[in-house]
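Understanding the architecture of this molecule
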Amino acid sequence: MTIYIGNLDYQVTSENLQEVFQDYGTVSKVVVPKDRETGQGRGFAFVDMGTTDQEESAIAELDGAEWMGRSMRVRKARPKTNDNDNNRGNRSRSGF
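Residues numbered from 1 in each chain as written. Predicted model: local features only at pLDDT ≥ 70, side-chain atom pairs only at ≥ 80, totals over all residues. Heavy atoms only, no water.

A separate point is the overall build of the protein chain. Counting its secondary structure elements, the protein chain contains two helices and six strands. Secondary structure elements in the protein chain, listed N-terminal to C-terminal, are β-α-β-β-α-β-β-β. Pairs at least 24 apart in sequence give 59% of the contacts found in the protein chain among residues at least 6 apart. Per element, the accessible surface of the protein chain, about 7000 Å² overall, is 40% carbon and sulfur. (Helix = DSSP H or I, 4+ residues; strand = E, 2+ residues; numbered from the N terminus. Contact = heavy atoms within 4.5 Å. Areas by Shrake-Rupley, 256 points an atom, 1.4 Å probe, with all protein chains shown as cover.)

Take the pattern of salt bridges next. With the rule as written, the count across this model stands at one salt bridge. Across the pair D63 and R75 runs a salt bridge whose closest N-O atoms are separated by 2.7 Å. Here the residue D63 occupies a position in the loop between α2 (52–62) and β4 (66–67), and R75 occupies one in strand β6 (residues 73–76), the gap between them amounting to twelve residues. (Salt bridge = Lys/Arg side-chain N within 4 Å of Asp/Glu carboxyl O.)

An α-helical turn contains 3.6 residues, so any two residues separated by three or four positions project in the same direction. Within α2, burial applies to Q54, E55, A58, I59 and L62. Taken end-on, α2 shows its buried residues confined to a sector of 135 degrees, consistent with a single buried face. Opposite the packed face of α2, turned more than 90 degrees from it, sit the exposed residues D53, A60 and E61. The elements touched by buried residues of α2 are β1 (2–6), α1 (14–21), β3 (44–49) and β6. In the segment just after α2, G64 is the residue with positive phi, at about 90 degrees. (Buried < 20%, exposed > 50% of the residue type's maximum accessible area, 1.4 Å probe, protein only. Arc of directions from axis to C-beta.)

Purely geometric numbers; function is a separate question.
This is how it looks when you write it as structure tokens:
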């Protein structure tokens, strides 16, 4: 299970997030998407933890918690889909 963390400060780093989430268990992966032009964080991230229990504990404790001057939104991440109908720019222009 992957955790989605939203409403983050744009200066957040994967190291910052790892420090916060390791209090709830083993952090196996942290991804902080960056803006292509500025290199800054985009205000959200994803964290994978060692067990489902650790992830659920982190979600319960950190959702709504204030960190770096913002109230974090912490949820189970939705699965990534390859459905072209949901991707901008990939729709057929045939009018159907």
